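Chain by chain, the residues run as shown.
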Amino acid sequence: MVRINSWKWVPEHCDLNRVDSVRFLGLMRNKNIGFVGDSLTENFLVSFLCILRVADAGAKKWKRKGAWRGAYFPKFNVTVAYHRAVLLAKYEWQPQQPQLSDKDGDGGIYRVDTDIPADDWANIADFYDVLVFNTGHWWGYDKFPKEKPLVFFEGGKPIHPPLEMLDGFKVVLENMVAHIEKVFPKRILKFWRLQSPRHFHGGDWNQNGSCLFDEPLGELQLDLWFDPSNNGVNKEARQLNRLIESALKGTSIRTLDLTHMSEFRADAHPAIWLGKKDAVSVWGQDCMHWCLPGVPDTWVDVLTQLIGYSLETG
């Protein structure tokens with residue numbers, strides 16, 4: 001695991017410095033940063049909190065306004081928190097309904113209200129000064145099999161004809177982006193983090209997929225692993241990114257593209273080191289989340305430079 005930190009991302013044509021926690025929190029004084037999305041965003045947040053913690057020994061846990069986890073830095077009056085909303089839109093389990101009997105669900109469905117944000121972030125528009133959104137990793141049949149499908153609603157009514165997974169994803173994206181543009185003040189600096197790539201080799205997570213690598217992938221290997229035209233198990237990131245980028249065009253939400261730099265790092269996942277007995281036999285290797293310290297620390301460097309530049313230049 002030591003070798004994970006022996007690699008450093010060095011961008012071309014610009015400098016990427018490690019974040020200075022004291023300087024950054026000083027710049028953010030009296031402001032708040034929020035993350036909204038799935039567990040990869042939580043992975044991002046945990047890295048962020050670990051890095052910022054050294055600047056304020058009095059930092060305290062913070063879980064308000066629907067936040068899943070977070071921290072308050074009293075020395076700077078700054079809050080950084082994560083709101084768990086894996087689809088961004090509101091969804092809930094419902095027993096099967098007669099009008100939906102043509103769907104596959106044998107005992108019920110997951111109703112997705114494509115035009116209603118999840119409760120966890122529905123009331124945060126007046127609190128944060130910087131927000132980072134994402135969704136994507138739950139949009140697959142491994143999470144929602146056809147026996148317990150997602151059924152998409154709009155305006156309180158089921159969408160007809162019923163949408164397949166990716167079509168539902170597009171509708172949710174369009175509606176959530178429209179909601180953010182309408183409800184969140186223009187003063188808020190808004191980012192949308194593109195997908196974090198997975199590195200399953202030899203099968204998906206539930207097909208004995210593995211990521212026991214000790215060095216990054218080479219440039220020439222990336223398309224073989226991630227290009228959707230190859231129909232590999234890791235095609236998700238680039239496939240969904242195309243839809244996300246299309247939905248964000250012409251909006252005030254900035255793209256936070258961390259995908260390409262992360263594609264190289266097949267060596268940087270927890271893999272079999274999950275910390276719980278029998279976890280691998282139950283859940284398979286974790287080739288999705290990232291070890292910490294690790295790749296998300298570079299994400300933090302990128303994000304803080306973008307935030308700093310935006311605040312300093314107005």
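In what follows, the structure referred to is the one given above.
The structure displayed is predicted, hence computed values, not measured ones.

Novice: Got a minute to help me understand the packing of aromatic side chains in this structure?
Specialist: Across all of its chains, the model carries 21 aromatic pairs by this definition. For the ring pair Trp9 and Phe264, a centre distance of 6.0 Å and an interplane angle of 45° mean the geometry is tilted. On the criterion of sequence distance, the pair formed by Trp9 in the segment before α1 (21-27) and Phe264 in the loop between α6 (259-263) and α7 (279-283) is long-range, its members being 255 residues apart. Accessibility expressed as a relative area gives 28% for Trp9, which makes it partly exposed. For Phe264, a relative accessible area of 14% puts it in the buried group. Ring centres 6.1 Å apart and planes at 40° place the aromatic pair Trp225 and Phe226 in the tilted group. Residue Trp225 shares its accessibility class with Phe226, and that shared class is buried.

Novice: Which parts of the structure should I look at to understand helix α3 (residues 165-183)?
Specialist: The α-helix winds at 3.6 residues per turn, so residues separated by three or four positions along the chain end up facing the same way. Here α3 spans 27 Å end to end across 19 residues, near enough to the 27 Å set by a 1.5 Å rise per residue. Within the sequence span of α3, burial applies to Met165, Gly168, Phe169, Val171, Val172, Leu173, Asn175, Met176, Val177, His179 and Ile180. In the core, the buried residues of α3 are packed alongside β5 (89-95), β6 (108-117), β7 (130-133), β8 (150-154), β10 (189-193) and α5 (236-248).

Novice: Any chance you could explain the layout of surface pockets here in plain terms?
Specialist: Picture a little ball the size of a water molecule; that probe, rolled over the atoms, points out where space is still empty. Taken as a whole, the largest pocket holds about 900 Å³ of empty space. What lines the largest pocket is a set of 25 residues, among which Ser39, Lys143, Trp283, Asp286 and His289 lie closest to the centre. Elements with a contribution of two residues or more to the lining of the largest pocket: α2 (39-53) and α7. Counting residues per element, the lining of the largest pocket draws most heavily on α2, at four residues. Its residues assigned to classes, the lining of the largest pocket comprises 12 nonpolar, six polar and seven charged.

Novice: I'm lost on the pattern of salt bridges in this one. Help?
Specialist: Two side chains that carry opposite charge are able to pair once their charged atoms sit near each other. This model, assessed by the stated rule, comprises 10 salt bridges. A salt bridge links Asp113 to Arg111; the nearest nitrogen and oxygen atoms lie 3.0 Å apart. Connected through shared salt-bridge partners, Asp223, Arg238 and Glu263 make up one network.

Novice: Looking at this structure, I do not really get a nonpolar patch on the surface. What am I missing?
Specialist: On the surface, Leu212, Ile272, Trp273 and Val280 cluster together to form a nonpolar patch covering roughly 370 Å² of accessible area. Looking at where Val280 falls in the secondary structure, it is placed in helix α7. Judged by relative accessible area, which is 31%, Val280 ranks as partly exposed.

Novice: So what exactly am I meant to see when it comes to the sheet that holds β10 here?
Specialist: One open sheet accounts for seven strands, arranged β2-β3-β4-β1-β7-β10-β11; its pairing is mixed. Of all strands in the sheet, those bounded by a partner on one side alone are β2 (60-61) and β11 (254-256). Of the strand pairs in this sheet, strand β3 (residues 69-73) and strand β4 (residues 78-84) are connected by five bridges, and their pairing is antiparallel. If you follow Phe73 over to β4, its bridge partner there is Val78. Running over the sheet, helix α8 (residues 295-313) touches β1 (32-37), β7, β10 and β11 and is turned about 155° from β10.

Novice: In this structure, what is going on with unusual backbone geometry? I would like to understand it.
Specialist: With the exception of glycine, the majority of residues adopt a negative phi angle, and the majority of peptide bonds are in the trans configuration. Between His160 and the following residue, Pro161, the backbone shows a cis peptide bond with an omega angle of -5°. Inspection of the secondary structure puts Pro161 in the loop between β9 (157-158) and α3. The backbone of Asn77 shows a phi angle near 55°, a positive value even though the residue is not glycine. Structurally, Asn77 is set in the loop between β3 and β4. Residue classification places Asn77 among the partly exposed positions, given a relative accessible area of 34%. The backbone of Ala271 shows a phi angle near 55°, a positive value even though the residue is not glycine. Among the structural elements, Ala271 can be located in the loop between α6 and α7.

Basis of the calculations
- Residues numbered from 1 in each chain as written.
- Predicted model: local features only at pLDDT ≥ 70, side-chain atom pairs only at ≥ 80, totals over all residues.
- Heavy atoms only, no water.
- Phe/Tyr/Trp six-rings, centres within 6.5 Å; stacked < 30°, edge-to-face > 60°.
- Helix = DSSP H or I, 4+ residues; strand = E, 2+ residues; numbered from the N terminus.
- Buried < 20%, exposed > 50% of the residue type's maximum accessible area, 1.4 Å probe, protein only.
- Expected span 1.5 Å × (residues − 1).
- Contact = heavy atoms within 4.5 Å.
- 1 Å grid on protein atoms, 1.4 Å probe; cavity = no way out; pocket = protein on both sides within 12 Å on 5 of 7 lines; lining within 4 Å.
- Points joined across faces, edges and corners; volume = space filled by probe spheres on them.
- Nonpolar A, V, L, I, M, F, W, Y, C, P; charged D, E, K, R; others polar.
- Salt bridge = Lys/Arg side-chain N within 4 Å of Asp/Glu carboxyl O.
- Patch = residues over 30% accessible without salt bridge, like charges linked within 9 Å, V, L, I, M, F, W, Y side chains within 5 Å.
- Areas by Shrake-Rupley, 256 points an atom, 1.4 Å probe, with all protein chains shown as cover.
- Pairing = 2+ DSSP bridges.
- Axes fitted to C-alpha atoms, helices over the stretch in contact; angles between N-to-C directions.

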